[in-house]
Amino acid sequence: MLIAKWTSRSGKHTAELYRTESGFKYTGNGCGGYLAATTEHEAITDLERRVTNGYFQPDANMTPMRRVL
């Protein structure tokens, strides 16, 4: 189940957070994995930190992604 989503201004780059039976999973542009979070709030906070640090965008992209869900 999708619980949060971030996207770049152009929509080309995204990060999505899912709740699964085994925990919290994230996907991005060519990447993905599981988070060590135990609550939805922890998972969102962890992924938001990664988004803010530019983890899901190329280095040249200076406009931060925004949360859309």
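Residues numbered from 1 in each chain as written. Predicted model: local features only at pLDDT ≥ 70, side-chain atom pairs only at ≥ 80, totals over all residues. Heavy atoms only, no water.

S.K.: Can you lay out the sheet that holds strand 2 (residues 14-20) for me, pointing to particular residues and giving the numbers?
M.R.: Strand-to-strand pairing in sheets goes through backbone hydrogen bonds, with the strands running parallel or antiparallel. Spatially, five strands are ordered 4-3-2-1-5 in an open sheet, and the strand pairing comes out antiparallel. Sheet topology places strand 4 (31-35) and strand 5 (66-67) at the edges, where each strand pairs with a single neighbour. Where strand 3 (residues 23-28) meets strand 4, five bridges bridge the pair, whose relative direction is antiparallel. Bridging from a neighbouring strand, Tyr-26 pairs with Gly-33 of strand 4. (Pairing = 2+ DSSP bridges. Helix = DSSP H or I, 4+ residues; strand = E, 2+ residues; numbered from the N terminus.)

S.K.: Go over the pattern of salt bridges, please, and point to the residues and values.
M.R.: Taken as a whole and assessed by the stated rule, the structure comprises four salt bridges. Between Glu-16 and Lys-5 there is a salt bridge whose closest N-O contact spans 3.5 Å. Of this pair, Glu-16 sits in strand 2 while Lys-5 is found in strand 1 (residues 2-7), placing the two residues eleven residues apart along the sequence. Among the salt bridges present, the one from Arg-49 reaches Asp-46, with a minimum N-O distance of 2.5 Å. (Salt bridge = Lys/Arg side-chain N within 4 Å of Asp/Glu carboxyl O.)

S.K.: Residue-level account of the side chain of Ser-8, with values.
M.R.: Within the element layout of this structure, Ser-8 appears in the loop between strand 1 and strand 2. Of note is the side chain of Ser-8, whose polar atom sits 3.4 Å from the backbone nitrogen of Lys-12. The residues touching Ser-8, leaving out its near neighbours within four places in the chain, are His-13, Gln-57, Asn-61 and Met-65. (Polar contact = N/O pair within 3.5 Å; in protein donor to acceptor, adjacent residues only side chain to side chain. Contact = heavy atoms within 4.5 Å.)

S.K.: Account for the pairing of strand 2, naming residues and giving values.
M.R.: Pairing between strand 1 and strand 2: five bridges, direction antiparallel. Note on strand 2: the bridge partner recorded for Leu-2 is Tyr-18. Once strand 1 ends, the chain turns through six residues before running back antiparallel as strand 2, passing Gly-11 with a positive phi of about 85 degrees. Note: strand 2 against strand 3, five bridges, orientation antiparallel. For Thr-20, the partnering residue across the bridge sits in strand 3 and is Gly-23. Hairpin connection, strand 2 to strand 3: the antiparallel pair is bridged by two residues.

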